[in-house]
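Structure at a glance
Below, each chain spelled out in residue letters.
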Amino acid sequence: MISWKAVFRQGSRLAGPAAALALLAGPAMAEDTITLKVAHLLPADVYIWKQGGQVMTDEITARTGGRVRFEVYPAGQLGKDMLSVLSSGIADIAFFVPQYSPDKLPLSTAGELPGLYDSSCEGTHMVWDIVKPGGLLGDSEYKAQGMRVLFANVIPPNVLMTTRVRPEGIEAIKGLKIRANGNAVGKTASQLGAVPIQAPVGELYDSLSRGTIDGTFYPYVSLPDFDLENLLKYSVHGPRFGGNLVGFAISEASWNKLPEDVRQIVAEAGLKAQDQLCSYEDRETLVIRDRIVAENGHSVVELTPEQIAQFEEKFEGVVAAWAQDMTKAGLDAQSVLDALKQ
């Protein structure tokens, strides 16, 4: 909820008619301070916030000379359902994850599909074109939910990682119990012959260490956040396993209350954060991968072009199954896929 705090400054004390004339001549007060509430599900120190959301808010505050300030509520303090937090006016800006709201943002889950992109920045720029204001989904999905996307992020593509079994191709992973949260990732595991297991990320460490799951689809860049480097001994390089779309959006109601000059700054700050976050993720992906190979005994399995082609062929089945589900629900999945592939 936007709160407006008038800041009055009066250099001298005026009385009687003189005071009235002075007020009529021009109000002796500075511009209103705009305070925006930001809600997200992330820990306060996780990189997605530090390299993305905080970059945006700091940029806005700096460029407005402190005229716009933020109250930040991490870790779901204002509620776990971010879209409801936004639509109810509890917060002005909120973190969104289409995977968590497939009933409200179904077509946006296309950002999770495998076989479409090789890096965070590539996937982010592909997805931004359709979720941005005026984009294909920016109008049909986000505006329909009363929200406006400020920036999107496709987390670096998942990597298939295992604890004990060296994944030397599709045959080697058949029957393995693989954590695969989300519709698209679950379909990917099934297409590859693995057993998809739904598990919250907070339970992933225990599940891997106890052997209740054999591996996970996970990006290198997020391994340090949950101390997973020593548990996952193998990863597969080559196949494009897909990722996860996240982002920050402002409610249309809050956006419409902002002065025009502030809107321009907010929009530009969102794009700056978007580019900085995906660039950070792509750099750190390589840094962390090389570090765990050198220091943790991690082994990256390099597949042959023929083996990679086998994975990619399975991914086509995942995309087709996703499109079929969307079409059955009366949604134009093909237009979204065409837009992404352009």
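The following paragraphs examine the structure supplied in this document. (Residues numbered from 1 in each chain as written. Predicted model: local features only at pLDDT ≥ 70, side-chain atom pairs only at ≥ 80, totals over all residues. Heavy atoms only, no water.)

1. Observations regarding the state of the cysteines
Scanning the model with the defined rule gives 1 disulfide in all. The partner cysteine of C121 in its disulfide is C278, sulfur to sulfur 2.1 Å. Disulfide C121-C278: the torsion about the S-S bond is 90 degrees, which places it as right-handed. Taken as a pair, C121 in helix 4 (residues 120-131) and C278 in helix 10 (residues 260-295) lie far apart in primary sequence, 157 residues in all. For the pair shown, C121 and C278 are each scored as buried. (Disulfide = S-S within 2.5 Å. Helix = DSSP H or I, 4+ residues; strand = E, 2+ residues; numbered from the N terminus. Buried < 20%, exposed > 50% of the residue type's maximum accessible area, 1.4 Å probe, protein only.)

2. Some points on the packing of helix 4 against helix 10
Packed helix pairs are specified by the crossing angle of their axes together with the interaxial distance, meaning the distance between the axes. It is the contact of helix 4 with helix 10, at a shortest axis distance of 8 Å, that shows an interaxial angle of 150 degrees. Here helix 10 runs roughly antiparallel to helix 4, going by the angle between their axes. In contact with S120, C121, T124, H125 and W128 of helix 4, helix 10 contributes L271, Q274, D275, C278, S279, E281 and D282. Considered class by class, the residues forming the contact of helix 4 with helix 10 number 4 nonpolar, 5 polar and 3 charged. (Axes fitted to C-alpha atoms, helices over the stretch in contact; angles between N-to-C directions. Parallel < 35°, antiparallel > 145°, perpendicular 65-115°, else oblique. Contact = heavy atoms within 4.5 Å. Nonpolar A, V, L, I, M, F, W, Y, C, P; charged D, E, K, R; others polar.)

3. Examining the packing of aromatic side chains
According to the stated counting rule, one finds 9 aromatic pairs in the structure shown. With a centroid separation of 5.8 Å and 55 degrees between ring planes, the pair formed by W49 and F248 is classed as tilted. Of the two residues, W49 sits in helix 2 (residues 47-63) while F248 sits in strand 11 (residues 244-251), which places them 199 residues apart along the sequence. Judged by relative accessible area, which is 1%, F248 ranks as buried. On the numbers, 5.3 Å between centres and 55 degrees between planes, the contact of F95 with F248 is tilted. Placement of F95 in strand 4 (residues 93-96) and of F248 in strand 11 is noted, with a sequence separation of 153 residues between them. Neither residue differs from the other here; F95 and F248 are each classed as buried. Here a set of aromatic residues connected by ring pairs shows up, and it is made of W49, F95, F151 and F248. (Phe/Tyr/Trp six-rings, centres within 6.5 Å; stacked < 30°, edge-to-face > 60°.)

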